[in-house]
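# An overview of the molecular structure
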Amino acid sequence: MADPDIPLEDELLLMARRAGELGPAEPMRPTLRDFADYVAGRCARIGDLYGDYDRNAGDHVRAVMHQMPGLMPKPPRRETGRQ
């Protein structure tokens, strides 16, 4: 699960170490970072099929993985309870 308190690059580094792709002190390899971007891109294309044309799950993936806050989903509107 994404932790908003951990920078994305640090989180990717932890995931690569957990998967055994990097040793405890080994830095992120550019090719491994590229691989993460390709996987995120594929996930985003799948997410494009869900939601509105201009706001969907793919946009959310891009917002997080490419640090584009403008693509983050807008919070749902709250009902006022008035009729």
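Located above this text is the structure these notes cover.
So, how was this worked out
- Residues numbered from 1 in each chain as written.
- Predicted model: local features only at pLDDT ≥ 70, side-chain atom pairs only at ≥ 80, totals over all residues.
- Heavy atoms only, no water.
- Helix = DSSP H or I, 4+ residues; strand = E, 2+ residues; numbered from the N terminus.
- Buried < 20%, exposed > 50% of the residue type's maximum accessible area, 1.4 Å probe, protein only.
- Contact = heavy atoms within 4.5 Å.
- Areas by Shrake-Rupley, 256 points an atom, 1.4 Å probe, with all protein chains shown as cover.
- 1 Å grid on protein atoms, 1.4 Å probe; cavity = no way out; pocket = protein on both sides within 12 Å on 5 of 7 lines; lining within 4 Å.
- Points joined across faces, edges and corners; volume = space filled by probe spheres on them.
- Nonpolar A, V, L, I, M, F, W, Y, C, P; charged D, E, K, R; others polar.
- Salt bridge = Lys/Arg side-chain N within 4 Å of Asp/Glu carboxyl O.

### Digging into the overall build of the chain
- The helix and strand inventory of the chain stands at three helices and zero strands.
- When the elements of the chain are put in sequence order from the N terminus, they spell out α-α-α.
- By residue count, 22% of the 83 residues in the chain fall in the buried class.
- Here the contacts in the chain between residues at least 6 apart in sequence split such that 17% fall between residues at least 24 apart.
- A total accessible area of about 6900 Å² is found for the chain, and carbon and sulfur atoms account for 59% of it.

### A closer look at the layout of surface pockets
- In this structure, the largest pocket occupies an estimated 270 Å³ of space.
- Along the wall of the largest pocket there are 15 residues; nearest its centre are Leu 12, Met 15, Ala 36, Val 39 and Met 65.
- When residues of the lining of the largest pocket are traced back to their parent elements, those giving at least two are helix 1 (8-18), helix 2 (30-47) and helix 3 (57-65).
- Per element, the largest residue contribution to the lining of the largest pocket is six residues, and it comes from helix 2.
- Residues of the lining of the largest pocket, tallied by class, amount to 14 nonpolar, no polar and one charged.

### Concerning the side chain of Asp 59
- Take Asp 59: it is sitting in helix 3.
- Leaving out residues up to four positions away in the same chain, Asp 59 has contacts with Asp 48, Asp 54 and Leu 71.

### Things to note about the pattern of salt bridges
- Counted according to the given criterion, the structure contains six salt bridges.
- The partner of Glu 21 in a salt bridge is Arg 29, and the shortest N-O contact between them spans 3.6 Å.
- Here Glu 21 falls in the partly exposed class, since its relative accessible area comes to 43%.
- What makes Arg 29 partly exposed here is its relative accessible area of 29%.
- Taking the shortest distance from any N to any O, the salt bridge between Arg 62 and Asp 59 comes out at 3.5 Å.

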